[in-house]
Amino acid sequence: MAAVLFALLRAGGASAAAGTVTTSVQSGDSWVQALALLLTCTLNTSAAGVTGHRWLKGKEVVKEDQLQGLHTEHNVTGDDRFGKYSCLFLPKDTGEATLTVDGPPRIKAVKKSEHANEGDSVTLLCKSESFPSVTAWVWYKVADSGDQVIQNGSQSRFFISHSEAQSELHIKDLDLTSDPGEYACNGTSLQGTDTAVVTLRVRSRLAALWPFLGIVAEVLVLVTVIFIYEKRRKPDEVLDDEDAGAAPLKSSGHHVNDDKGKNVRQRNAS
């Protein structure tokens, strides 16, 4: 049997002609049915005809129709069902009411992993998507020896700032040895508590130079290989050049002797 909560709410900001709206939040008995909620609004009377209905979650319109009638309902499911809802009867000022769906806080890390360089500053951020709002935030570092609660201003390096919707942990002058690890943010409300974890990785200042040094090393190896290759190739080229230069000289001498022989034969013949 469905559990039904009824609340009689006066229309917020409505004119004197606005009617009174009765609201209810209904859920099932089983755990499956409990994941779905039925929100209803019923207007007792209306001087003008109803031309439609509008449902909002916060300031966002989640449902709207152009149906006539003094009754409207909206189904909400999933983990994001918790929050503050409003039902409006159209035209404006015909009737309006607010319904709240309470639930445990849902804490989420904006970035599950954060990277920073040694000596720099970093900010770890957690957000709460829950209703009612978180009333207390706690940051601590996860360790095998036990969780270490972080106090605002501790070591003059850790600073915490938060609101109902989010909490920030600022860490200055990062240490390569002690600061890397897992940091947990815990949020507590009237409906319970929840925790999210952020992993912080700290790089050495020299880490940015490793790609450059790798390129330099590759260039040096390439230059060395080319130098050794050229060094071994040059003696062979010198020998080849000497052989090529000697051959024409020998050939030229042969042609000179032939010319001398021809001249001698010509004089004897004459």
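Because the structure is predicted, anything quoted here is derived from the model rather than measured. (Residues numbered from 1 in each chain as written. Predicted model: local features only at pLDDT ≥ 70, side-chain atom pairs only at ≥ 80, totals over all residues. Heavy atoms only, no water.)

Draft legend 1. A look at the overall build of the protein chain. Counting its secondary structure elements, the protein chain contains two helices and 17 strands. Out of the 270 residues in the protein chain, the part that is buried amounts to 27%. Put simply, the protein chain shows about 17,600 Å² of open surface, and 56% of that area lies on carbon and sulfur atoms. (Helix = DSSP H or I, 4+ residues; strand = E, 2+ residues; numbered from the N terminus. Buried < 20%, exposed > 50% of the residue type's maximum accessible area, 1.4 Å probe, protein only. Areas by Shrake-Rupley, 256 points an atom, 1.4 Å probe, with all protein chains shown as cover.)

Draft legend 2. Just the pairing of strand 7 (residues 83-90), in detail. Counting buried positions along strand 7 gives seven out of eight residues, so the element sits mostly inside the fold. In terms of strand pairing, strand 4 (residues 52-57) meets strand 7 through six bridges, oriented antiparallel. Its bridge partner lying in strand 7, Lys57 is registered against Tyr85. Note that strand 7 and strand 8 (residues 95-101) share seven bridges and pair antiparallel. Opposite Phe89, over in strand 8, you have Gly95 as the bridge partner. Between the end of strand 7 and the start of strand 8, which pair antiparallel, lie four residues, with Asp93 showing a positive phi angle near 75°. (Pairing = 2+ DSSP bridges.)

Draft legend 3. Main features of the sheet that holds strand 14 (residues 158-162). With antiparallel pairing, four strands are arranged side by side in an open sheet as 9-11-15-14. If you trace the sheet from one side to the other, it starts and ends with strand 9 (107-109) and strand 14, each paired once. Each strand axis lies, on average, 20° off the axis of its neighbour in the sheet, ignoring direction. Of the pairings in the sheet, the one linking strand 14 to strand 15 (residues 166-171) comprises five bridges and is antiparallel in character. Bridge assignment links Ile160 to a residue of strand 15, and that residue is Leu169. (Axes fitted to C-alpha atoms, helices over the stretch in contact; angles between N-to-C directions.)

Draft legend 4. A look at the nonpolar core. Membership of the largest hydrophobic core comes to 21 residues, with the highest contact counts inside it found for Cys126, Trp139, Leu169, Ile171 and Tyr183. By size, the runner-up hydrophobic cluster in this structure holds 16 residues, among which are Val25, Trp55, Leu99 and Val101. (Core = buried A, V, L, I, M, F, W, Y, C linked by side-chain atoms within 4.5 Å.)

Draft legend 5. Fine view of the environment of Ala196. Its place among the elements puts Ala196 in strand 17 (residues 192-203). Remark: the alpha-carbon pair of Ala196 and Val110, spanning 86 residues in sequence, is separated by 9.6 Å. Setting aside residues up to four positions removed in sequence, Ala196 forms contacts with Ile107, Lys108, Ala109, Cys126, Tyr183, Ala184 and Cys185. (Contact = heavy atoms within 4.5 Å.)

Draft legend 6. Representation of the state of the cysteines within the structure. Inspection of every chain in the model, using the stated rule, returns two disulfides. At a sulfur-sulfur separation of 2.0 Å, the disulfide partner of Cys41 is Cys87. As the torsion about the S-S bond is roughly -95°, the Cys41-Cys87 disulfide counts as left-handed. Of the two residues, Cys41 sits in strand 3 (residues 36-43) while Cys87 sits in strand 7, which places them 46 residues apart along the sequence. Here Cys126 pairs with Cys185 through a disulfide, and the sulfurs are 1.8 Å apart. What sets the handedness of the Cys126 and Cys185 disulfide is the S-S torsion sign, and at about -80° it is left-handed. Here Cys185 lies in strand 16 (residues 181-189) and Cys126 lies in strand 11 (residues 122-128), a separation of 59 residues in the sequence. Here Cys126 and Cys185 have matching classes, each one buried. (Disulfide = S-S within 2.5 Å.)

Draft legend 7. Local environment of the pattern of salt bridges. A full pass over the atoms with the stated rule returns five salt bridges. Among the ionic pairs, Glu129 bridges to Arg106, the shortest N-O distance being 3.4 Å. Here Glu129 is found in the loop between strand 11 and strand 12 (136-142), whereas its partner Arg106 is found in the loop between strand 8 and strand 9, with 23 residues between them in sequence. Take Glu129: its relative accessible area is 42%, and that puts it in the partly exposed class. Residue Asp179 pairs with Arg157 through a salt bridge whose shortest N-O separation is 2.9 Å. Taken together, the residues Asp179 in the loop between strand 15 and strand 16 and Arg157 in the loop between strand 13 (148-149) and strand 14 connect sequence positions 22 residues apart. Relative accessible area serves as the criterion here: at 1%, Asp179 is assigned to the buried category. (Salt bridge = Lys/Arg side-chain N within 4 Å of Asp/Glu carboxyl O.)

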